[in-house]
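Examining the three-dimensional arrangement
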Amino acid sequence: MEGAVSTLGKYGVRDGDITTSWVPGSFELPLVAKTLAQSGRYDAVICLGAVIRGETSHYDMVCNQAASGIAAVGRETGIPTMFGVLTTENMEQAINRSGGKVGNLGSDCALGAIDCARLLQSIKTG
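Looking at an unreviewed UniProt entry, the protein chain carries the name 6,7-dimethyl-8-ribityllumazine synthase, with the source organism given as Geodia barretti. Quoted straight from UniProt, the Sequence similarities (unreviewed entry) entry for the protein chain says "Belongs to the DMRL synthase family." The UniProt entry for the protein chain carries the following comment under Pathway (unreviewed entry): "Cofactor biosynthesis; riboflavin biosynthesis; riboflavin from 2-hydroxy-3-oxobutyl phosphate and 5-amino-6-(D-ribitylamino)uracil: step 1/2."

Next up, the structure:
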């Protein structure tokens, strides 16, 4: 989340224009994302989370439902909805993809949200 907020600020998004909502788990992200997108208050919604594989098939269900649900939010609302849910085998991979050795998914999603919101705005205004 720090990477996303920092990147948004670097590209001119004011702190007061950023809302953070915490959900109980990645499975719940689509519902909250859709509610935020439908509110008319946001140019984009960035969904961040992590699902780390365990010993059961629960991992696959949560990953699949979070991904398809978040993608549906963007299609259904017309608001860019970014999928920033880490799906990893272990905690080390999650740390590496959230600002460690392999980049920062939050920052990447913030850039994508800015780019997509600007593109949609330019399409609408001609």
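**As for the side chain of Thr7**
Among the structural elements, Thr7 can be located in helix 1 (residues 2-10). By relative accessible area, which is 6% here, Thr7 ends up buried. At 2.9 Å, the side chain of Thr7 forms a polar contact with the backbone oxygen of Gly3. Discounting chain neighbours no more than four positions away, the residues touching Thr7 are Ser107, Ala110 and Leu111.

**Structural notes on the pairing of strand 2 (residues 81-88)**
Most of strand 2 is tucked away: 6 of the 8 residues are buried. Bridge analysis of strand 1 (residues 45-52) against strand 2 gives 8 bridges, and the strand direction is parallel. Bridge assignment links Leu48 to a residue of strand 2, and that residue is Gly84. After leaving strand 1, the chain enters helix 3 (residues 58-77) and then returns to the sheet as strand 2, a path that is right-handed.

How each quantity is defined
- Residues numbered from 1 in each chain as written.
- Predicted model: local features only at pLDDT ≥ 70, side-chain atom pairs only at ≥ 80, totals over all residues.
- Heavy atoms only, no water.
- UniProt positions renumbered as here; feature names shortened; annotations may be inferred.
- Helix = DSSP H or I, 4+ residues; strand = E, 2+ residues; numbered from the N terminus.
- Buried < 20%, exposed > 50% of the residue type's maximum accessible area, 1.4 Å probe, protein only.
- Polar contact = N/O pair within 3.5 Å; in protein donor to acceptor, adjacent residues only side chain to side chain.
- Contact = heavy atoms within 4.5 Å.
- Pairing = 2+ DSSP bridges.
- Right-handed = clockwise from strand over helix to strand, strands pointing away.

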